[in-house]
Every structure is written in structure tokens, then in C-alpha cells.
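Structural features, examined
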Amino acid sequence: MSGLQGVGLLLLWGSACLWLPGSALVITSRKHEALQETRGGAESLQKKSTNDVTVEVYSVKVDCTVTSRFAHTVMTSRARNKANVSQEIFFEVELPKTAFITNFSMEIEGQVYVGEVKEKEKAKKQYEKAVSSGQTAGLVKASGRKMEKFSVSVNIAAESNVTFILTYEELLQRKLGQYEILTRVKPKQPVQEFQIVTNIFEPQGISHVDTHATFLTNELLPLVEKTVTNNKAHISFSPTMEQQRKCPDCDGTLLDGDFVIKYDVNRAKSLGDIQVVNGYFVHFFAPPDLPRVPKNVVFVIDRSGSMRGRKIEQTREALLAILNDLHEEDHFALILLDSHVVSWRESLTKATKENVTEGMDYVRRIRETGSTNINDAVLRGVNMLVKDRQEKKLPERSIDMIILMTDGMPNAGVSSPPRIQENVRSAIGGNMSLFCLGFGNDVDYSFLDVLSKQNKGVARRIFEGSDAVVQLQGFYEEVANPLLSEVDLRYPDNTVDSLTTNHYSQLFNGSEIVVAGRLMDNDLDNFLVEVFGQGFEDDFEVQGQASTVDWDMMYPDDKYIFGDFTERLWAYLTIQQLLEKSKSDAPDEKANTTAKALDMSLRYSFVTPLTSMVVTKPETEDGPDSPLIADKLTEEQRQQAERMIHRYPAQNAARYVAPSYAYQPPPPTYFVDGDPHFMIELPDRDDALCFNINDKPGTILNLVRDPKQGILVNGQTIGDKKIPPDGKINTYFWRFGIVHQTLGVRLEVSTRDISVFQDGKRVKLLWSDTASVKGPNVDLLLTKDRSVTVTLKDSVKFVILLHKVWTKHPYHQDYLGFYTLDSHLLSPSVHGLLGQFYHGIAYELSDLRPGEVPEKPDATMYVKGQELNVTRGWQRDFRRDVKNGENVPCWFIHSNGTGLIDGDVTDYIVSGLFKTV
């Protein structure tokens, strides 16, 4: 069978009954006799027409059951091959990277084919055989920041049906005081039976449930049904085909965005909640109303050369916000690392208003330089905390932590990662926590991950993008308010065994500690639970007797509520912790830890990094088919995949230029031309972004506004002479107004003429002229019937192109294109539809996938804190060839640039050609 070649996208949607962003489902097809396997993305997608796609997806369901935070999600999709020949149908699901697939099955003509979880090494030979023979191998691939894609395909006979069922599980993590269930909804067309159902069962009692969706209109809002009782919530969303449509007679769908449920539970008991079911127990501990413990935090900030530009700017911005949020009883320090190590002050400083202000002033002056000496910088922070402790400068009951922010490999001082890890672990001696934040795809994340885990902390990847500041602040908020330290949860030795981790270095406000274990007998009379910890003023001590929940009595109308959830929750948590432990284990311990994790993965049919799911597909007329293999990615594999996506964002649609010291990419170009097509060319990334603005003719839009320099550029659109046969009215720019208030210059450029106003005088030029006009504040160079170049004194340069259309053309009219040069000369406050991009735009791309048109694949873009579906396309640059133009590949942002531009397109509409509002 072939791979994802020439497919047409019929359905893309997603669900994650989890706190992480959710999954996406793609059903695609190709004729059985179609082409060979492709592995290349955009180029391969050009070889087949979407007219060949004759698969109807008639049912899509997500059924999520959350039982005491343990989520069990079943995704079911049914499709029909309407063609008179067999076709290959692909099933792709994006699921959170921390979830474990537990089951997958396909039902074809009454026959059920079920996946089997096997040891990865044993499945590997089958996979390699499938790849070497050119067959399709089902893979799990990285997809965005928090997801990965599970993919299989199957050949379906003419006029036959197929049902795909995927099940996965995960323990919800409490963050910032709540759990989140997110369902990503992106069908490309209305679906006959579309249903999202979530049932939440929480014996502790549900304190609140909030539901919202980015796509909910006033008409769709009533379709969200929510029923909440004390300990149960039911949320459903099931629009009909007609309710899904954008308009009565079109195939477009309103369902495009995220469906989000957030909830929390009641927390009345300081002991926490203990549940016992079928011989296993789970203990949830997040006591209410505890005072926060002061913290002593050392910020170790990488300012090496690789942090140049946006990274150091975002680090400064995030630090300013973080410092401003410190509590006065906290202490803080700032250490800068490059080739050398520089401290703001020689000891930690109390976070008084005055000290924080001085620290913020210091942060504002941070500039990038030198190499990366992580070893000495972290040890400086450790020694500072140790010294201040010895000298009793810090509160006795306070928590010590170091937060390292870096983007690169250690390459100065001690540069061996294992040696650094050993040095730091020895110096810390278990007496403080180290949190590591790694910027971008080039950071050695596995090194930081182990460094943190060895020292009672965690590592977090900070993805390159305009929302990096939000990511940094979000992580800090999670650890900003410690409530307890050195928390021990104890259970009778003769009552339980096989405990998950029951000692935690910290409990932070808004989080939750979860411990699970197996009961040695069902005698709960001796099941005494004790919790100890160090609080702000006193030691925290609480004990109590565990009691069971009578599920049948509490939920009498629900015969099945995922009854073995405590055992599976215990298994899930145990496997996760064993996998994490193996990363920092000594070599002799690692083998034993890994063996335990593998045994449990196989016993409970979890697809983990140690196992694979083997799916045996039905035989075809061509003979038996190779099995499909689904793996679980490690973080290192994800990072490697993301590096490739980051470095080759356009795949084959654009050539990648390898960086070198001799190569200087041309500066970025920003222009608008055509109907009106906005383009941001980024040569340093060998990439471009583009979007259209669709509005009625006559609209005046602000393109550039620099209040500091007094520069303003507005453009007015014009439509076709009459409505074309296809009913689509094209709009173009036909005149521009340019103002430089400081220089006292005003220009109006239209398809008819060019007028310059200065000092009460007007100079008028016709496009039929060739002229050069030089003034004290503005220069004009007019090329007959082609272009005018406007150079403002000591500032930006604009080029306006004239597109002349045959005067007797039945529909189209003359129009203008607008190009910006030397945009770096404008101030940082510049804005407008084009101006907002003049100082760069940070984004990342992942998950290249088939689009609606074969030669235009889709991808996921992360930009300005949002996740967008973008499409690979082309726009024309007319600077060299004003008649035909040159095709420039770009990532097209839909819906008037929504998500890429700040605000809404209506924010850029002005009332006059020379007005700002």
C-alpha cells in the first residue's frame, strides 16, 4: 500500500479529554491503484486531484469519561467508500504526548481487527520489514508542542464501510487550580452525526465547571448542554448538519476551534481524598487555605550570543513581570551567564518594592555576549544560597530554588553535561530545587531534564514564538507560591504495597499530589493515613482513617463508570514515574527500572516509549499486507522532529539556505499587492507569511502608523467594474495616502496620478511621465507607467507599482501594489497591517499534512500565543516583473489574517485617506 500521497482532506477535528491540547482526526483516501509511497510533504501532495476523493465520513464521536481525574477517551469514526473501486483510507489522530494509547481497532465488513501491544524491540523487525518493502507503516509522529499523531491506513472495498476506534488514557494534572479538558474541533465539512460527550464523576464533589468554545455563535451556544450535580457533570455538544453549516446551501462548517471544559473539585478535608476500588487505592492531596511559604529564588540567565534578538528581549520582558510579582517576604538574586559569570549582588536580596525596582532596572540593561558557561553560573547560585543560609540571612522556614534559563549547549568552562550534572548534584546535596527552562529546538533538553530531576525540580521547554514570554510567566506562576516542603504521605506497611512516589519536595498552590498503591487485603480498619510537611509557621501534620466510596450508592443510575480506574490509574502513574526515574538512574539501576516499566506497559496494554502497537490489516487482492506499527515518542525524538520542521518549514515548497558566516540573507520585505494580498518575506528563515483582506470596495485601511516619527500610510480599495460570473468581487488598492507629519509632507498616489503636498504647495505628476523630484524632505523617482519610489528623509522608503489593465476589460480595473524598503529605520512603536511586522514576527510550524488542494498542504502554526491552521500557497512579487510577477511560496493565514495580525481587521479601518481613526 502507498502512503500519504495525493490525499484530499475530508475531515480534521480533534479531542483531548485531558488537560493538554487535544487531538485531531483526519480521514483521507486514495484509489487503490494510485501512486507509490511518498515521504516528502508538499511536493508529493501535488500529484493527485481532490476530485478523486469519494469517501464520506458520516459519524464522528468523542466519548470522554473522567473518574476521579483519570480520563478514558474513546474516539469513534465511521466512513464509507462511495467509489466503485477499492480505496485506501487513512485514520490519523493527534493525542497529547503524555497520554497512553490503550486500544485501537478497525471494523471492516463485519470483521474486527484489533491492535496488540508488544515490546518495541520485538515489533521493530516487523516495522523495518514493512518500511523496506515499501509498505505503509503506521507511525506516531511529533505534532506541535504537546501532541503526537497516531496514523494507520486500510484498503476498503468498493461501496464498503469502515469503523475506527481509538482509546487512550491519562491522569489529569491540576494546574493553577483546575483541570482542563480540551477538544479541538476542525471538521472540513458538515458531518451527519457529530457528537462530543464528556461525563465527569468526582466523589469529592465538583466545585465548578466552565465550558466555552472559540467557534460558538449565538446560534450554536444553546447546543452546549451542561448538567452539573454535586458530584457529577455531563457536557455534550451535538449539532445537526444544518446547524454546522456556515450558510444554508454551502459545505463550509462553523465548527473550527477549541471546545474547552475546566473544572475543579471541593477540598474540605486537610487529609485529602482517598478512594479505594477493587483492591487499589488513590490518594489526592491538595489541602485548602494553607499560607504560602516564602521562597528564595536565584534566576540564572543565559545572555550568551545565541540569545541574541528576540530571545533576550522575551527573557527581559518575562523577568520584569516575574520580579514585579514577587512577594515582599521572598528573596531573589540575578546571575548572568556567558563566557563568565556576573552577579547583580553578592547575596540574595529581600523583595522590597525598592529592591525589586532596582532589580528590574538591572534586567533592562541585560545584553547578549559571549559563550555559555552553565556549570559556573549554577554553582554560583548554589553557593549564594548556601552562604546566605549559613549566615542566617534567609527565613528559616522558606524554600530555596534556582531557575536556569538557557537556549544552548554548555561550551565554556566545564562543558561535559555528565560532569556538570555531577558537580551540581554534589553541590546542591538535596537541599534546594533546580528548575531548568530550555529555549528553542537547539537546546540540549535531555541534559536539562536530568539536571532538574536530579535536584528536586523539573525542566520545561520554552518554544520559540511570540508567546515565549507567556510560557515563561506561566511556568513561574506554577512554582511561585509554595505551600509545603518535604511532604511525606505515609500508609501502614502491612496494609499496602507497590506505592507510587509518596515523598514530594514541594506542594505548590493550585497543584495536587497523587499517590496510588495496591492493598494487601481489604481490611480497611487499619488503613491509617498520615501526611507530614513543613509549612510557613508550623509543621503540617494530619492523620485519618481511609474510608471507601460506595460507587453504586453515589451513582445509582450509572452502571458502568470505568470501574477498574484505580488500578489503571496506579499503573499509569507507576509507569510514568519509572520512565522518569530511569533518566537519572545509575546505569546498573536503569536496566531494572526499565524492565519494570516494560512489564507493566505490556500487562496493562499501554503504548509507552518501551512498547509498540501492532495492527494487522486485512489481506487485499494483492496478497497479505504488512502490519502497522505505532510507537510512543521520547522527548528527544520529538525535539529532533521539531528541529527538522523548524529548519525546513516549507518542506519542498521552498529551498533552504544553510547558514554560514559568509552568507548574509537579504532584509525582510513587506508588501501588499493583488486582491489585496499581504506578504511578509523572511529571507533569514527562507520563508514567508501571507494573508488576504476581504472587505467591501471603498474601505480605507491603515497599513503603517509610526506615531513617534509621525509617519502614516493608508490605502483605499476598489472593486471590479461589475460582479463576475463566479459571483466573487475582487478588491484591490487604487490609491494610497502617505503622511510624514514631522517633515510636513503629504502624498497621494492613485492609479491616475501622484500628488505631493509640502509647505502649502502641490506638485502633480502623471503616470505617463518619467521624472525625478528631489526635495529637502522627500525624493520621488517615477518610472513611466510602472512605479514610483518615495524616499522620506533619513527614514523609510516605499515603492508603489502600477498595474494597468486593458481598458475594455469587462470586469477588472487598474490597481496599485505597495512595497516597503528600509523598514528597520522606523521606530519600535510602528504598527498597522504591515507595520506591526517590521520588527520581526516569531512563529513556529509543525505537523505538515494534506490540505484541501493537493499542492497546498496544511500545517499548524504557533504565533502570538495562538495555534492556527495555515496552508502552503503562493503569492506574486511584482517588483522585478510588473506584468507577470514571481511566485513566492508562503504560509497563508486564513480569515483576514486572524491570529497573525493584532486584533481584528476592523481595527485597521479608518475614516479618511490621511486619518488615523
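Residues numbered from 1 in each chain as written. Predicted model: local features only at pLDDT ≥ 70, side-chain atom pairs only at ≥ 80, totals over all residues. Heavy atoms only, no water.

Remarks on the overall build of the protein
- If you tally the helices and strands in the protein, you get 13 helices and 52 strands.
- In the protein, buried positions account for 58% of the 917 residues.
- In the structure as shown, the protein presents an accessible area of about 38000 Å², 47% of it carried by carbon and sulfur atoms. (Helix = DSSP H or I, 4+ residues; strand = E, 2+ residues; numbered from the N terminus. Buried < 20%, exposed > 50% of the residue type's maximum accessible area, 1.4 Å probe, protein only. Areas by Shrake-Rupley, 256 points an atom, 1.4 Å probe, with all protein chains shown as cover.)

Quick look at the pattern of salt bridges
- Considering all chains together, one arrives at 39 salt bridges under this definition.
- Across the pair Glu 478 and Arg 460 runs a salt bridge whose closest N-O atoms are separated by 3.2 Å. Here Glu 478 is found in helix H8 (residues 468-479), whereas its partner Arg 460 is found in strand S26 (residues 459-462), with 18 residues between them in sequence.
- Here Asp 488 makes a salt bridge to Arg 490, at a shortest N to O gap of 3.9 Å. (Salt bridge = Lys/Arg side-chain N within 4 Å of Asp/Glu carboxyl O.)

Re the side chain of Arg 303
- Looking at where Arg 303 falls in the secondary structure, it is placed in the loop between strand S20 (295-302) and helix H3 (310-324).
- Discounting residues that sit within four places of it in the chain, Arg 303 has contacts with Ile 312, Leu 336, Leu 337, Asp 338, Val 342, Ile 366, Arg 367, Glu 368 and Thr 369. (Contact = heavy atoms within 4.5 Å.)

Some details on the pairing of strand S35 (residues 669-673)
- Most of S35 is tucked away, with five of its five residues classed as buried.
- Every second residue of S35 is oriented toward a common face, with Thr 669, Phe 671 and Asp 673 on one face and Tyr 670 and Val 672 on the other, all of them buried.
- Taken together, the five bridges between S35 and strand S36 (residues 677-682) define a ladder with antiparallel strand orientation. For Tyr 670, the partnering residue across the bridge sits in S36 and is Ile 680.
- The loop that links S35 with its antiparallel partner S36 comprises three residues; one of these, Gly 674, has a positive phi angle of about 90°. (Pairing = 2+ DSSP bridges.)

Things to note about the nonpolar core
- Judged by nonpolar contacts, the single largest core of 56 residues is most densely connected at Phe 691 and Leu 703.
- Residues Leu 95, Tyr 179, Phe 259 and Tyr 263 belong to the second largest nonpolar core, which totals 53 residues. (Core = buried A, V, L, I, M, F, W, Y, C linked by side-chain atoms within 4.5 Å.)

Some points on the confidence of the model for the protein
- For the protein, per-residue confidence averages 81 on the pLDDT scale, and residues scoring 70 or more make up 85% of the total.
- Scored below 50 in pLDDT, residues 1-53 makes 230 contacts in the model with residues more than four places away or belonging to other chains.
- The low-confidence segment residues 645-665, where pLDDT is below 50, has 36 contacts with residues more than four positions distant or belonging to other chains. (pLDDT = per-residue confidence, 0-100.)

Quick notes on the sheet that holds strand S17 (residues 257-265)
- A sheet is described by the order of its strands in space; here three strands give the open sequence S12-S17-S14, paired in antiparallel fashion. Here the strands that pair on one side only, and so sit at the sheet edges, are strand S12 (179-185) and strand S14 (206-213). Shown here is a sheet whose adjacent strand axes are inclined to one another by a mean of 10°, direction ignored.
- Direction of pairing for S14 relative to S17: antiparallel, over a ladder of seven bridges. Of the residues in S17, the one forming a bridge with Ala 213 is Phe 259. (Axes fitted to C-alpha atoms, helices over the stretch in contact; angles between N-to-C directions.)

Quick notes on the sheet that holds strand S27 (residues 482-490)
- If you walk across this open sheet you meet the four strands as S29-S27-S31-S32, and the pairing is antiparallel. Bordering the open sheet on either side are strand S29 (503-508) and strand S32 (539-545), each of which pairs with just one other strand. Along the sheet, successive strands turn relative to each other by an average axial angle of 25°, direction set aside.
- Direction of pairing for S27 relative to strand S31 (residues 528-534): antiparallel, over a ladder of four bridges. Counterpart to Arg 490 in the pairing with S31 is Glu 530.

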